[in-house]
Amino acid sequence: PTSAQVSLVPHSGRYCYTLDNDLLSTEQRQFYEDNGYLLIKNLVSDEDIERFRREFTRICKREVKPPGVMIMKDESLRSEFGQSEKVVNKVQDFQEDEELFRYCTLPEVLKYVECFTGPNIMAMHTMLINKLPDSDKQTFLHPMHQDLHYFPFRPASRIVCAWTAMERAHQDNGCLVVQPGTHKTTLKPHGYPEWEGKTNKLFHGLLDEDEKIPKVHLVMEKGDTVFFHPLLIHGSGINRTSGFRKSISCHFASSECHYIDVKNTIQEHLEKELQEMLCKKYDATSVELKDIWNFRARLVRGERINL
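It should be emphasised that the depicted structure is a prediction, and the values quoted were computed from it without experimental measurement. (Residues numbered from 1 in each chain as written. Predicted model: local features only at pLDDT ≥ 70, side-chain atom pairs only at ≥ 80, totals over all residues. Heavy atoms only, no water.)

### A few points about the environment of Trp-293
- Position of Trp-293 relative to the elements: it lies in helix 7 (residues 289-296).
- Using a relative accessible area of 1% as the deciding quantity, one classes Trp-293 as buried.
- Remark: the alpha-carbon pair of Trp-293 and Pro-152, spanning 141 residues in sequence, is separated by 8.6 Å.
- When neighbours within four sequence positions are excluded, Trp-293 is seen to be in contact with Met-124, His-125, Tyr-150, Phe-151, Pro-152, Phe-153 and Tyr-259. (Helix = DSSP H or I, 4+ residues; strand = E, 2+ residues; numbered from the N terminus. Buried < 20%, exposed > 50% of the residue type's maximum accessible area, 1.4 Å probe, protein only. Contact = heavy atoms within 4.5 Å.)

Here's what the structure looks like:
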């Protein structure tokens, strides 16, 4: 649909999490409303995925060094594998890498994003995840969490994640796990799980997880893309294979969203941790959370209004 075909107001009270559009079928729209996610098969081409894979390899080998990019590694493997994709488990904030950032501008992705955000779309947070094989020393399981925990902007219903499998994702290699319908709940307290010595920096999880809520493993083929709400409780399992499970993702938001002050909220401790980490990285004395997001954010369609 064109920008003009997507209304910024949810349809007559029936829909809360999607906007009127000519793309989603009634069944697809209702599925997202009920469950908080929608899986679209074969959305991103093999050609694009291979280009993203090649660029990821170049970043791992330090053949390119995009400014601002955050490369997360398993340091215990560096002596064995050196600078290679066998060490890097995540490349984050790749907005300055022209090749990877193409993902955030793909028309086939944005036409779906617009159904949730409206016509003015900001790419807010980018990641390429290379889920390493798990070991006794380190696990790359991501505890169940809500992405809104990381975001100081609202409303939540105008934020959506696009997550594309770069190869087959299944239960053995740690596919996404979701708890359908949990996008209708509130933001819950998060923190580090009690996995002594095995937690990854900023991999926060729910402090009080309700095990009674059913979980669905999202088995996805290469190019399949899932769109999900930032309050949807989700995570990823253990990679029990010897291979790597890659995915590329971006959190998009309507540029009409607004920043909030997280002081005296359950997000305050995350703000402090992020500020400390970035002050150390950039040798700064102080950094505001809003400034961090302004640095990351990029307009990809429409008009920049608030964010």
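### Things to note about helix 1 (residues 26-35)
- Inspection of helix 1 places Arg-29, Tyr-32, Glu-33 and Asn-35 among the buried residues, and these make up the whole buried set.
- Packed against the buried residues of helix 1 are strand 1 (37-40), helix 5 (107-117), strand 7 (159-165) and strand 12 (225-228).
- Positive backbone phi, approximately 85°, marks Gly-36, located one or two places after helix 1.

### Considerations on the pairing of strand 4 (residues 121-131)
- A large share of strand 4 lies buried, amounting to 11 of its 11 residues.
- Two strands pair when backbone bridges link them, and strand 3 (residues 88-92) and strand 4 are joined in this way by three bridges, in the antiparallel orientation. Residue pairing in the sheet places Val-91 in a bridge with Leu-128 of strand 4.
- Here three bridges tie strand 4 to strand 16 (residues 298-301), and the two strands are oriented antiparallel to one another. Across the sheet, residue Met-122 finds its bridge partner in strand 16, namely Leu-299.
- Relative to strand 14 (residues 245-254), strand 4 runs antiparallel, the two being bridged by 10 bridges. (Pairing = 2+ DSSP bridges.)

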